[in-house]
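Fold and geometry: a report
So the chains spell out like this:
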Amino acid sequence: MSDPVAATAVGPMVLAAVEQYEPVRRRLVDDDLALPFLPTGIGAVTRTTRWSPVRRLLIGATERAGPGLWANLTCRKRYIDDKLEQALPDIDAVVILGAGLDTRAYRLARRSPIPVFEVDLPVNVERKRSVVNRALGTAPASVHLVPVDFERDDLAAELARHGHRSEHRTFFVWEGVTQYLSAGGVAATFEFLGSAAPESRLAFTYVRSDFIDGTNRYGAESLYRRFRIRSRLWQFGLAPDRVASFIEPYGWQLAEQAGPDYLIEHFVAPSGRELSASQVEWTAYAEKR
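All of these numbers come straight from a predicted model, not from anything done at the bench. Position numbers for residues count from 1 along each chain, tracking the sequence in the order it is written. In view of the model being predicted, local features appear only for residues whose pLDDT reaches at least 70, and side-chain atom pairs are presented and counted only at 80 or more, with totals across whole chains, interfaces and linings using the full set of residues. Side-chain measures were taken over the full set of non-hydrogen atoms in the model, leaving aside hydrogen atoms and water.

For the rest of this paragraph, the subject is unusual backbone geometry. The phi angle at Y218 is positive, at roughly 50 degrees, despite the residue not being glycine. Secondary structure elements are taken from DSSP: a helix is a run of H or I of four residues or more, a strand is a run of E of two residues or more, and numbering for both begins at the N terminus. Following the sequence through the fold, Y218 ends up in the loop between helix 11 (209-212) and helix 12 (221-230). We classify Y218 as partly exposed; its relative accessible area is 22%. A positive phi angle, close to 55 degrees, is found at R232, a residue other than glycine. The topology assignment puts R232 in the loop between helix 12 and helix 13 (243-247). Working definition: with a 1.4 Å probe on protein chains only, accessible area under 20% of the residue-type maximum means buried, over 50% means exposed, and in between means partly exposed. Residue class for R232 comes out exposed when judged on its relative accessible area of 56%.

In structure tokens form, the structure reads like this:
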């Protein structure tokens, strides 16, 4: 994989796949397609986590690299899945911005014909097409792959070209993407989101701005070194208390945020597992006025 941003699509899906080996009552996210969607070699390694000692070792290693990130990366998927499920009766389409190897569109297609548009870098879209063909045989008719470079391409035009209608009430998912964009790239995407139909919904994740600028590293020193010092892949951040004012000019009203306390209360504690959640990344949920 030549594109370093595209390469980051695998990690969160490994965590989701590993979670499927947990007993149902302890599982933080349900995703039976996560493992089939992984590259063959990574999938083979992931299968070793069916044994509890191996699974504990992997979770422990991940926690040492970024304390609380196991819960964040798995529970954010659960949170967005729950919000989408609640909104389904009131929306006409789903747009997943930066879909990576996410399986949400394909799980949804099993029970709903609602059109889903998966938007990502061209290299990720080509890989996704291959993965879907390998894992499912053929893509569901309701799922549309849309190649877009968020920094350069006209997102509205590309979506329209693939069949998305701007007047449709749309549930937008923007998971694990904003930190990889420049401030201009984030603003350009929000300009597009500003044209969304009233009653549309938006779930997006962001990394805290004080982590991006190094003011507070929240115990995740190795994560900071990897993404801010060595690769410099993470560029953009927000402060939780600035999210509402940031999205308001684009016509969006903040409904809720899922920070670490929310994730622990709603997902981790009910599972009976002893995991922390990180301050580094939050998930915001908003509604279009």
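Now that the structure has been shown, the text picks up again.
What follows concerns the nonpolar core. Looking at soluble globular proteins, one finds that nonpolar side chains tend to be buried together. Grouped together as the largest cluster of nonpolar side chains are 50 residues, with contacts concentrated most on I91, V94, Y106 and F171. Ranked by residue count, the leading element in this core is helix 6 (residues 69-87), at eight residues. Ignoring any residue separated from it by four or fewer positions in sequence, one finds F171 in contact with I80, K83, L84, A87, I91, A93, V94, V95, R201, A203 and Y285. With 31 residues, the next largest nonpolar core counts F117, F150, W174 and L193 among its residues. By convention a nonpolar core is built from buried Ala, Val, Leu, Ile, Met, Phe, Trp, Tyr and Cys residues, the set being connected through side-chain atoms within 4.5 Å. Two residues form a contact once any of their heavy atoms are found within 4.5 Å.

Looking now at the packing of helix 6 against helix 14 (residues 260-271). Two elements in contact, helix 6 and helix 14, have axes whose closest approach is 10 Å; the angle formed by their N-to-C orientations is 80 degrees. In terms of their interaxial angle, helix 6 and helix 14 are classed as roughly perpendicular. Residue-level contacts link A71, N72, C75, R78, Y79 and D82 of helix 6 to Y262, L263, F267 and V268 of helix 14. The axes used here are C-alpha line fits, helices contributing only the stretch in contact, and every angle between their N-to-C directions lies in the interval 0 to 180 degrees. Working rule for angles: under 35 degrees goes down as roughly parallel, over 145 as roughly antiparallel, 65 to 115 as roughly perpendicular, anything else as oblique.

Counting buried positions along strand 7 (residues 281-288) gives seven out of eight residues, so the element sits mostly inside the fold. Where strand 5 (residues 201-207) meets strand 7, seven bridges bridge the pair, whose relative direction is antiparallel. Considered in strand 7, the bridge of T205 is made with T283. Pairing between strand 6 (residues 252-258) and strand 7: six bridges, direction antiparallel. Counted as the bridge partner of E256 is Y285 from strand 7. The rule for pairing is simple: two strands pair if DSSP sees at least two bridges between them.

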